[in-house]
Structures are given as structure tokens and as C-alpha cells.
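Here is what each chain is made of, one letter per residue.
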Amino acid sequence: MVLLAVIVGMIFGSFANVCVHRIPQRESIAFPGSHCPKCNHGIAFYDNIPLISWLFLGGRCRHCQATITWRYPLLEVLMGVSWGLLAWHYGPTFMFAEAVCLFSLLWILTFIDLETFLLPNVLTFPGIALGLAFSWWFGDWQDALIGAIAGYAVLWTVARLFLKITGQEGMGYGDFKLLAMLGAFMGWQALPFVIFASSVAGALIGAVMLKLCNRGFRTEIPFGPYLAVAGMCWYVWHEQILGWYLDISGINL
Ligand SMILES: [Zn+2]
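Residues numbered from 1 in each chain as written. Predicted model: local features only at pLDDT ≥ 70, side-chain atom pairs only at ≥ 80, totals over all residues.

Caption draft 1: Region of the structure containing the domain arrangement of the protein. Taken domain by domain, the protein holds domain 1 (1–92) and domain 2 (118–253). Computed over C-alpha atoms, the centres of domain 1 and domain 2 are 27 Å apart. (Domains from an automatic or database assignment.)

See below:
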């Protein structure tokens, strides 16, 4: 079953690449079929096999030799590995279905944000609705609703303060909606960790990147990927994270 999840996950990853490429440009994700963005040549099914075709073609279009970005195989592998790990962790349960929906959305949003600095509403709004629906099914819709509203409100407030103090836009509305989506799936309990972990990781990695680039201008860094990865960590490890926290703070429950 895990192997099946990996294979289906990789095939879904191929579709996810289409979403990453087309959604920011407001193109249909169904029509036309896969084609090379350079030469417009249609891509045959044997050139569209996740990871394998990319390796076999040496990362180039068969017809015009244009390079195919490594994001294609990377996202396919990440999807396959995620689906496989979740299948292994949850087995054939409804929990697995929820986890796969959340992780798939988060990976797609991560790559769109990395490439375009956008977190499109066509993904975050259905994501919030889906998270609330799953939470309703699991019987914790109150936590989810509070999570969605608080997730949006907290980041909105932080961004407002940041703008007031520094005069600069630190985050976008997409980030607020992404955190609302995480709250909808995982309840408000996820928010403190997600905000803390994503801010710390963002500050550290951002500082390293600024140092490496060492340019004068202010480099824009997308925040969505940090929120997304922090959310995935909480989804899988929230019991362990809470355990550490209680150990460190010396609270006995
Ligand atoms: Zn081509």
C-alpha cells in the first residue's frame, strides 16, 4: 500500500507541476494537455512519466532541447515521498485522506510562492473549506473555526504592526490565508508552533541568504514555504513537540 501511495503520489506530483506552472498565470489546469512552454510541442505519455522521463531526457525537451527545470522531478519526488510516509503512518484511514490533501496543497503552494511570490486564492480558499470540512467530520470543527479565524487575524495584526514600525510590507495577504488554512485543518492549537517555527526558520535562512547574496538591495523572501513546512511538522509530530515543550517548561499534566 505504501508503494502504491508513492507511485500515485508521484503521478499526482506531475499534475501538481502543471498547477504550479499554470495557476499563477490563470490558465486552465485541464486544457490543453501537457506541452513544452518553449516550443509548444505536445508531450507524449512516455515523456511524461514522473522523474524517469526527466532523467531519461537529461532535463531537456525532446523537441527543442529547452531545459526543463529541476522543480519537475523534485516536486514529483516530494509528493511521492510524502504520500508514502503518510500511508505508512496512517494506513488506509480517513486521517490519511486528510493528510494527503493538506500536504499536497502545501507543496503546490510552496513552489508557487517560491517562483512567483503568490499564494493564489483559488488554492487557499478551497483549502480553508476543505480543512473545516475534514475537522467537522472528525468532530473538532470548533477548534478548526477558531484556528482559521485566529490564523488570519494574528498574521494580519503582525503585518500591520510591522508596517507601522518599519514602513515596509513584511507579509502578503496570501500568508494570512495560508495560516488560516493550517488552522482550519489542524485547529488553533497548531498556531503558536507554526508561527514560532516559521519565523525563526525564516529569520535564520533569510539572514544566511542575505549574507550569501551580499547585495545592497533588500531581497524579497517568500514566507509561505516556511509556514507550509512548519505546518507539516506540526501535523506529523505535534505530540512529540508538545511533549518537548512540557518537558522544557517543567509543566506536569
Ligand atoms: Zn520544447
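Caption draft 2: Region of the structure containing unusual backbone geometry. The omega torsion of the bond from phenylalanine 31 to proline 32 falls at -10°, within 30 degrees of zero and hence cis. With respect to the secondary-structure elements, proline 32 resides in the loop between α1 (2–22) and α2 (52–56). With a phi angle near 60°, arginine 26 is a residue other than glycine that sits in the positive phi range. When you line up the elements, arginine 26 lands in the loop between α1 and α2. In this structure, leucine 51 is a non-glycine residue whose phi angle is positive, near 60°. Note on placement: leucine 51 falls in the loop between α1 and α2. (Helix = DSSP H or I, 4+ residues; strand = E, 2+ residues; numbered from the N terminus.)

Caption draft 3: Highlighting the nonpolar core. Counting 56 residues, the largest nonpolar core has Trp107, Ile108, Leu109, Leu179, Leu182 and Leu227 as its most contacted members. Of all elements in the fold, only α1, α3 (71–90), α4 (94–116), α5 (121–138), α6 (141–166), α7 (173–186), α8 (191–213) and α9 (224–249) reach the threshold of two or more residues within this core. Each of domain 1 (1–92) and domain 2 (118–253) gives at least three residues to this core. (Core = buried A, V, L, I, M, F, W, Y, C linked by C-beta atoms within 7 Å. Buried ≥ 20, exposed ≤ 12 C-beta atoms within 10 Å, placed from the backbone.)

Caption draft 4: Representation of α3 within the structure. Across its 20 residues, α3 extends 28 Å between first and last C-alpha, which sits within 8% of the 28 Å expected from 1.5 Å per residue. Along α3, the residues classified as buried are Tyr72, Pro73, Leu75, Glu76, Leu78, Met79, Gly80, Ser82, Trp83, Gly84, Leu86 and Ala87. Buried positions along α3 lie against α1, α2 and α4. Note on α3: the residue one or two positions beyond its end, glycine 91, has a positive phi of about 65°. (Expected span 1.5 Å × (residues − 1). Contact = placed C-beta atoms within 7 Å.)

Caption draft 5: Structural detail: the packing of α7 against α9. Interaxial distance between α7 and α9 falls to 10 Å at its minimum, and their mutual angle equals 10°. Regarding the angle of α7 to α9, the classification is roughly parallel. Within the contact between the two elements, α7 uses Gly174, Asp175, Leu178, Leu179, Leu182 and Met186 and α9 uses Gly224, Leu227, Gly231, Trp234 and Tyr235. Considered class by class, the residues forming the contact of α7 with α9 number 7 nonpolar, 3 polar and 1 charged. (Axes fitted to C-alpha atoms, helices over the stretch in contact; angles between N-to-C directions. Parallel < 35°, antiparallel > 145°, perpendicular 65-115°, else oblique. Nonpolar A, V, L, I, M, F, W, Y, C, P; charged D, E, K, R; others polar.)

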